[in-house]
Amino acid sequence: MKNLSKFFITAFLGIIILSCTEKIDVELDEGSIRLVVEGSVTTDTMVHKIILTKTTSYFYNQESPYVTGASVSITEGERDIQLIENEPGVYCTDSTFCALEGLTYTLNIILASPVGGHTEYSASAYMENRVRIDSADLIFHPEWSDSGFYEVQCYLKDPPTDDFYRFLIYRNGKILSDTLDEWFVTDDRFFNGSYINGAGVAFFDQGSENEKLAAGDEITLELNCLEQGYAGFIWEAQSELRGSNPLFSGPPANVKGNINNGAIGFFAAYTTSRVTIEVGAK
């Protein structure tokens, strides 16, 4: 009787396993095509870019199509700055442009043909006042792993307002935190109005070939002062990229941008402050 029970259990499991191999065609609702806007203005004097693309279907395995032939401008007070399409879908200011603290900047887009049922899109962003990094330290912690870690510590005075910061890290002039999921964005709820005396804002694992530092390397820490809306946009996008937890929780909501007429993306304005330190001998 035991052997017969085992036979039926084994057969039942086999049927389940085989049934799981059946091909299933998933039909996805493609939805309407929407405009995607990516770009910002900063206090750096440089070429600033606005990139326009269109959404595609889930199974579209090529680069998102660029939107060309648009009229793109940025309004700064009474001044309109016209951007030039230097390459398909990439609209640029000239190299002398820099944004100013305490001003609101408005992005204006007029498309050559409708995307998502509209030809005109806009968004506004306020340039917060700049908070500057006083200094930074690079501390080696040999006890944190077999190969040790370098910690980048930041020193700055936080004003008595609600502020939102992004920290970016460079090695020898090349950005290391170059993707959205690697950005460190924080508010100041735990240190509002205080002096930040050596907070850890970046870490280098010396067991990783990509993060290993050598004596003489230059590490640059960049601080951006963000609007609350842009900080929230980054947090929501990071949450969606990293997936839901627990595994079978509900689907995430759409990331909320600031472009009107149903477009996707965010037009941001933020200040920059940088400090560079050199890696010494351990």
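Figured I'd write up the structure that's included with this text. Since this is a predicted model, take the numbers as computed values, not measurements. (Residues numbered from 1 in each chain as written. Predicted model: local features only at pLDDT ≥ 70, side-chain atom pairs only at ≥ 80, totals over all residues. Heavy atoms only, no water.)

1. Let's talk about the sheet that holds strand β8 (residues 118-126)
Here's step 1: Here we have 4 strands laid out as an open sheet, ordered β4-β3-β7-β8, and antiparallel in their pairing. The open sheet has two free edges, formed respectively by β4 (79-82) and β8, since each of these has just one partner strand. Within this sheet the neighbouring strands show an average axis-to-axis angle of 20°, counted without direction.
Here's step 2: One ladder, built from 6 bridges, connects strand β3 (residues 71-76) with strand β7 (residues 104-115); its direction is antiparallel. (Pairing = 2+ DSSP bridges. Helix = DSSP H or I, 4+ residues; strand = E, 2+ residues; numbered from the N terminus. Axes fitted to C-alpha atoms, helices over the stretch in contact; angles between N-to-C directions.)

2. Considerations on the side chain of R166
Here's step 1: When you line up the elements, R166 lands in strand β11 (residues 164-171).
Here's step 2: Despite its burial, R166 remains without a salt bridge, the nearest opposite charge being carried by E222 at 5.4 Å.
Here's step 3: Separated by 3.2 Å, the side chains of R166 and Y270 make a polar contact.
Here's step 4: Each residue touching R166, except ones within four places of it in the same chain, is listed here: W183, F184, V185, E222, L223, N224, L226, Y230, I234 and Y270. (Buried < 20%, exposed > 50% of the residue type's maximum accessible area, 1.4 Å probe, protein only. Lys, Arg positive; Asp, Glu negative; His and termini not counted. Salt bridge = Lys/Arg side-chain N within 4 Å of Asp/Glu carboxyl O. Polar contact = N/O pair within 3.5 Å; in protein donor to acceptor, adjacent residues only side chain to side chain. Contact = heavy atoms within 4.5 Å.)

3. Thoughts on the pattern of salt bridges
Here's step 1: Following the criterion strictly, the structure yields 6 salt bridges and no others.
Here's step 2: Across the pair D44 and R274 runs a salt bridge, and its minimum N-O distance is 2.5 Å. One end of the pair, D44, is in the loop between β1 (35-42) and β2 (49-54); the other, R274, is in strand β16 (residues 264-278), and 230 residues separate them in sequence.
Here's step 3: The partner of R79 in a salt bridge is E76, with the nearest N and O atoms 2.7 Å apart.
Here's step 4: Note on R79: relative accessible area 41%, which makes it partly exposed.
Here's step 5: When salt bridges that share partners are traced, they join D44, E222 and R274 into one network.

4. Considerations on the packing of aromatic side chains
Here's step 1: Per the counting criterion, the structure on display carries 9 aromatic pairs.
Here's step 2: A centroid spacing of 6.2 Å and a plane angle of 65° characterise the contact between F164 and W235, whose relative ring orientation is edge-to-face. Placement of F164 in strand β11 and of W235 in helix α2 (residues 228-242) is noted, with a sequence separation of 71 residues between them.
Here's step 3: With 6.4 Å between their ring centres and 10° between their planes, Y230 and Y270 make a pair best called stacked. Taken together, the positions of Y230 in helix α2 and Y270 in strand β16 put the pair 40 residues apart, joining distant regions of the chain.
Here's step 4: For Y270, a relative accessible area of 11% gives the class buried.
Here's step 5: Members of the aromatic cluster, connected to one another through ring pairs, are Y230, F233, F266 and Y270.
Here's step 6: A cation over a ring is seen here: R166 above Y270, with NZ or CZ 4.7 Å from the ring centre. (Phe/Tyr/Trp six-rings, centres within 6.5 Å; stacked < 30°, edge-to-face > 60°. Lys NZ or Arg CZ within 6 Å of the ring centre and 35° of its normal.)

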